[in-house]
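Inside the fold
For reference, the chains in residue letters:
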Amino acid sequence: MIYRLLLLALLTSIPQRSSAQHVLFYNVENLFDTIDTPGHHDEEFLPNSPKEYGSMRYYLKLRSTARALRMALTAVQGTTGPVDIIALAEVESYFVVEGLSRHAALADLGPWSVVHFDSKDHRGIDCAALLRTDRCRLLEARPISANTDSLTSRDALLMTVRSPTDSDSLDWQCMVVHLSSKRGGASASNWKRSHQMRTFTEACRDLPAIIIGDMNDGPSATFLTFPSDSPWQQSPSLKPLGLPVGGTYKFQGRWSTIDQAIYRGPQPWNHQIIALAPLLKPDEKWSGWKPYRTWQGSFYIGGYSDHLPIHAFMVVN
């Protein structure tokens, strides 16, 4: 009841914005199936692992992810309009994304179409998307690899879609990314993320485009800052929708906004962090709030994700 009252207050207090295309991105924190896949280091998420990741925990994880997305979609629709694309990171297979699309918490907000390609990530986690087919039509989808002899990571997912407008239709591109982590140190690993972003921006055709996802670095990173004459620009971050938070991910008491978007085209994009109360819990060690995650080491704690979702939307003048 408290959450419903809070959500109602948010929806009535935030001014309505006119916008066209909408994308919701969520790093769902390890949505794995329970099958041992050859070539994937997925042994952490198997029934005989310390996590005891069998059918019951898989379905609990699927349910919590679907419920988190439903809360985010409902909040977004009440402020700016319905979402065209749900972009996802850290999913293992087509099977889990399809299961998500058919879950009761999401199915009635669709219809949804699954877009997923397997990549060469050593753990087997990929980017994926759910397209709301009554709002946009998929023209093309393909994986974009930035792998080299010294770098093997997640592929990006590039989609070209067509959306109806008041007068005609608009073709645009949405790319979902999950860049390499800072393992080994931020400076030592920066070349990986820089190389990936350079590859991914070059893969986009001459259409309005948004690249959205887990950048594993903040907005001040060199590969995310662009001169004024660049076709690419950062999407400005608006006030969080919900509770006061300092980013999308919290590590050792410090927030950082590593989930973000960049765009190209004549119309600007904005984005906001979805910081609804159920997706957070009190941070008893560092104070404030922190994302209500699924796992604490090998212990299942029943939350949603260690990231918060973001919502990006094209602003129409």
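The coordinates are above.
The present account deals with the structure reproduced in this document. Since we're looking at a predicted model, the values are computed, not measured. (Residues numbered from 1 in each chain as written. Predicted model: local features only at pLDDT ≥ 70, side-chain atom pairs only at ≥ 80, totals over all residues. Heavy atoms only, no water.)

Thoughts on the overall build of the chain
Of regular secondary structure, the chain possesses five helices and 19 strands. Over its C-alpha trace the chain gives a radius of gyration of 19 Å, about what one expects of a compact globule, namely 20 Å for 317 residues. Its C-alpha atoms give the chain principal-axis dimensions of about 55 × 55 × 40 Å. The burial tally for the chain puts 54% of its 317 residues in the buried class. Long-range contacts, defined as pairs at least 24 residues apart, comprise 71% of the intrachain contacts of the chain with a sequence gap of at least 6. Charged side chains in the chain number 31 positive and 31 negative. The centres of these two groups are separated by 6 Å. (Helix = DSSP H or I, 4+ residues; strand = E, 2+ residues; numbered from the N terminus. Rg over C-alpha atoms; globule rule 2.2 N^0.38 Å. Buried < 20%, exposed > 50% of the residue type's maximum accessible area, 1.4 Å probe, protein only. Contact = heavy atoms within 4.5 Å. Lys, Arg positive; Asp, Glu negative; His and termini not counted. Charge placed at Lys NZ, Arg CZ, Asp CG, Glu CD.)

Here we look at the pairing of strand β13 (residues 259–264)
Of all six residues making up β13, six are buried, and the element is well covered by its neighbours. Of the two faces of β13, both are covered, the one formed by Asp-259, Ala-261 and Tyr-263 as well as the one formed by Gln-260, Ile-262 and Arg-264. Where strand β8 (residues 209–214) meets β13, six bridges bridge the pair, whose relative direction is antiparallel. Across the sheet, Gly-213 pairs through a bridge with Gln-260, a residue of β13. By the bridge criterion, three bridges tie strand β9 (residues 232–234) to β13 in an arrangement that is antiparallel. The partner of Trp-232 across the bridge, within β13, is Arg-264. (Pairing = 2+ DSSP bridges.)

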